[in-house]
Amino acid sequence: MRILKWTAVVSGSLMVLAVTAAMIRFHGPRNLIGYIRYDQRQEGSLVPGHDTPDVELVALDGAGRVHVRDWIGQKPLVLIFGSFT
């Protein structure tokens, strides 16, 4: 009976380990472990009235780069960061 319990515990542990390894392998940083590892966000100090920080963004074509400073003052500028799926 003791060997049966030990075998069940080892088999269960190996199964959990295999599933975890598969999730990391196939999902990359999109899984929980990836979020914990790669989440480098910091609390911002930006408040209304401050100048816009100059950031470089990837253009819609995916090849070019766009600086925010090039678009400030021409027309109202709205940046939306998020997912629409």
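What counts, and where the lines are drawn
- Residues numbered from 1 in each chain as written.
- Predicted model: local features only at pLDDT ≥ 70, side-chain atom pairs only at ≥ 80, totals over all residues.
- Heavy atoms only, no water.
- Helix = DSSP H or I, 4+ residues; strand = E, 2+ residues; numbered from the N terminus.
- Buried < 20%, exposed > 50% of the residue type's maximum accessible area, 1.4 Å probe, protein only.
- Contact = heavy atoms within 4.5 Å.
- pLDDT = per-residue confidence, 0-100.
- Patch = residues over 30% accessible without salt bridge, like charges linked within 9 Å, V, L, I, M, F, W, Y side chains within 5 Å.
- Areas by Shrake-Rupley, 256 points an atom, 1.4 Å probe, with all protein chains shown as cover.
- Salt bridge = Lys/Arg side-chain N within 4 Å of Asp/Glu carboxyl O.
- 1 Å grid on protein atoms, 1.4 Å probe; cavity = no way out; pocket = protein on both sides within 12 Å on 5 of 7 lines; lining within 4 Å.
- Points joined across faces, edges and corners; volume = space filled by probe spheres on them.
- Nonpolar A, V, L, I, M, F, W, Y, C, P; charged D, E, K, R; others polar.

Comments concerning the overall build of the chain
Moving on, step 1. Along its length, the chain carries two helices and two strands.
Moving on, step 2. Starting at the N terminus and walking to the C terminus, you meet the elements of the chain as α-α-β-β.
Moving on, step 3. Within the chain, buried positions represent 5% of all 85 residues.
Moving on, step 4. Contacts spanning at least 24 positions in sequence make up 3% of the contacts within the chain whose residues lie at least 6 apart.

Regarding the confidence of the model for the chain
Moving on, step 1. On average, residues of the chain score 79 in pLDDT, and 80% of them are at 70 or above.
Moving on, step 2. Looking across the chain, the model is least confident in helix α2 (residues 32–38), with a mean pLDDT of 63, and most confident in strand β2 (residues 65–67), with 88.

Focus: a nonpolar patch on the surface
Moving on, step 1. Together, Trp71, Ile72, Leu77, Leu79 and Phe81 make up a nonpolar patch on the protein surface, roughly 550 Å² of accessible area in all.
Moving on, step 2. Here Phe81 shows up in the segment after β2.
Moving on, step 3. Phe81 gets classed as exposed once you look at its relative accessible area, which sits at 67%.

Describing the environment of Val68
Moving on, step 1. One can find Val68 in the segment after β2.
Moving on, step 2. Remark: the alpha-carbon pair of Val68 and Pro53, spanning 15 residues in sequence, is separated by 8.0 Å.
Moving on, step 3. In this view, Val68 contacts Thr52, Pro53, Asp54, Val55, Leu57, Leu77 and Leu79; residues no more than four positions away in its chain are not counted.

Some remarks on the layout of surface pockets
Empty pockets left among the atoms are what a rolling probe the size of a water molecule brings to light.
Moving on, step 1. Computed from the structure, the largest pocket encloses a volume of approximately 340 Å³.
Moving on, step 2. Together, 13 residues line the largest pocket, and Leu57, Val66, Trp71, Leu77 and Leu79 are the ones closest to its centre.
Moving on, step 3. Elements supplying a minimum of two residues to the lining of the largest pocket: β1 (56–58) and β2.
Moving on, step 4. Residues belonging to the lining of the largest pocket are distributed by class as follows: 10 nonpolar, two polar and one charged.

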